[in-house]
Amino acid sequence: MGHSDFVKLLGQLAFLTKRQRAQMRSALAELPNTSTSAVASVLPGPNVCPHCQAPAAQLRPWGHSHGLARMRCHACGKTSNALTGTPLAHLRKRERWLRYGQALIEGVSVRQAAQCCGVDKNTAFRWRHRFLEAAAAHRAEHEGGIVEADETFFLESFKGQRKLPRPARKRAGVGTHWERIAVLVVRDRGGQTADFRLDKIDAPHVAAVLRPLVDRDAILCTDGARVYQTVARDMGLTHRAINVQQGVRVIDGAFHIQNVNAYDSRLKEWIRRFHGVATKYLENYLGWRRMMERYRQNISPTACLCEALGRFPSQ
């Protein structure tokens, strides 16, 4: 709110009724504390020295700077705070970060987030991808039991670029097959989820992401595509191919790909609200959706802030 608008608001307070004044006090009391000190109080301290990776036991209190506690590493002698070496380092207006975390939870547009936080739209755009940078890399590292895998596709987009490397598509154009970006989604029955943008859906690319992720004793469930049969054989995995095209949905009452397909459906429906996502930022949006699925009803602005710092709280 601008200064002139604030002065005008103050001038109107004298005309409020007794009931309206009570409602005003109640509304002000319910507003979250978004001061710089409030944000600093929820910032988790570094687990290791961001300069030399020494353990937290080597860090000693070293005063305060810009409202944040500063630590000095006994091993390398350098100082740091909770933001050093994170995507949020050197960003200003920390008192509005929790409010921006709430905007991420609500999944609003950049302009709506800017209006909600009282910042410029360019600042809101920069904050979006700074907040999502670490979350994009936070995916499941190991999946076991029954593991489902399936690919989904997003239309290549140069949204935000002034010059296109190809002729512009007409509105609502579907594009050609080589303009579709492949994303492999892997999800086990415990809800552990990982997704990967692939240059090509073939055995080398698929095996490169599945080999370090899927346990050797897991059962891999996919559709009937030959590439998954090849990958499962090369990795020594038990494979259950679901021939969906012939109407097969479940094998032996347990093996199916409905879990991963449901996730794909939720992802596509959620991402539709943005009216197209630039391909260069697609992985950030994939990480954003994984974060929403990971916390579900327990997600909070504080959790979003911890994710942005790359320090993931226990759920």
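Above this text sits the structure in question.
Colleague: If you had to explain the packing of aromatic side chains to someone new, which residues and values would you point to?
Modeller: Following the criterion strictly, the structure yields nine aromatic pairs and no others. Ring geometry for Tyr100 versus Phe131: centroids 5.3 Å apart, planes at 55 degrees, classification tilted. On the criterion of sequence distance, the pair formed by Tyr100 in helix 4 (residues 97-106) and Phe131 in helix 6 (residues 121-136) is long-range, its members being 31 residues apart. The class for Tyr100 is buried, based on a relative accessible area of 1%. Look at Phe131 and you get buried, because its relative accessible area is 2%. The interplanar angle of 35 degrees and the centroid separation of 5.7 Å between the aromatic rings of Tyr285 and Trp288 together place this pair among those described as tilted. With Tyr285 and Trp288 both in helix 10 (residues 282-295) and three residues apart, the pair spans about one turn of that helix. Like Trp288, Tyr285 is buried. Of the aromatic side chains, those joined through ring pairs into one cluster are Trp97, Tyr100, Trp127 and Phe131.

Colleague: Describe the pattern of salt bridges, listing the residues and the values that go with them.
Modeller: Evaluated as defined, the whole model comprises nine salt bridges. Here Glu148 ties to Arg189 by a salt bridge, and the two come within 2.7 Å at their closest N and O atoms. In this pair, Glu148 is assigned in strand 4 (residues 146-155) and Arg189 in the loop between strand 5 (180-188) and strand 6 (193-198), connecting sequence segments 41 residues apart. On the basis of relative accessibility, which here comes to 0%, the residue Glu148 falls in the buried class. The class for Arg189 is partly exposed, based on a relative accessible area of 35%. Close ionic contact of Glu293 with Arg289 constitutes a salt bridge, the shortest N to O distance being 2.8 Å. Highlighted residues: Glu293 and Arg289, both in helix 10, separated by four residues, approximately one helical turn. Accessibility classification places Glu293 together with Arg289 in one group, the buried group. Through salt bridges with shared partners, a single network forms among Arg266, Arg289, Glu293 and Arg296.

Colleague: I'd like to hear about the sheet that holds strand 4, residue by residue, with values.
Modeller: Pairing is mixed in the open sheet, where five strands are placed in the order 6-5-4-7-8. The open sheet is flanked by strand 6 and strand 8 (238-242), the only strands paired with a single partner. Across this sheet, the average inter-strand angle for adjacent strands is 25 degrees, counted without regard to direction. Strand contacts of helix 10: strand 4, strand 5 and strand 6, with the helix running at about 170 degrees to strand 6, the strand carrying the most contacts.

Colleague: Residues and numbers for the side chain of Thr222, please.
Modeller: Along the chain, Thr222 falls in strand 7 (residues 219-223). Those residues in contact with Thr222 that lie beyond four places of it in its chain are Ala149, Tyr228, His239, Arg240, Ala241, Ile242 and Ile257.

Colleague: An account of the sheet that holds strand 3 (residues 79-80) is needed here, citing residue identities and associated values.
Modeller: Ordered by their spatial adjacency, three strands build an open sheet running 1-2-3, and the pairing between neighbours is antiparallel. In the strand order of this sheet, the two ends are held by strand 1 (59-65) and strand 3, each with one partner. Bridge count between strand 2 (residues 68-73) and strand 3: two bridges; the pairing is antiparallel. Across the sheet, residue Arg72 finds its bridge partner in strand 3, namely Thr79.

Parameters at a glance
Residues numbered from 1 in each chain as written. Predicted model: local features only at pLDDT ≥ 70, side-chain atom pairs only at ≥ 80, totals over all residues. Heavy atoms only, no water. Phe/Tyr/Trp six-rings, centres within 6.5 Å; stacked < 30°, edge-to-face > 60°. Helix = DSSP H or I, 4+ residues; strand = E, 2+ residues; numbered from the N terminus. Buried < 20%, exposed > 50% of the residue type's maximum accessible area, 1.4 Å probe, protein only. Salt bridge = Lys/Arg side-chain N within 4 Å of Asp/Glu carboxyl O. Pairing = 2+ DSSP bridges. Axes fitted to C-alpha atoms, helices over the stretch in contact; angles between N-to-C directions. Contact = heavy atoms within 4.5 Å.

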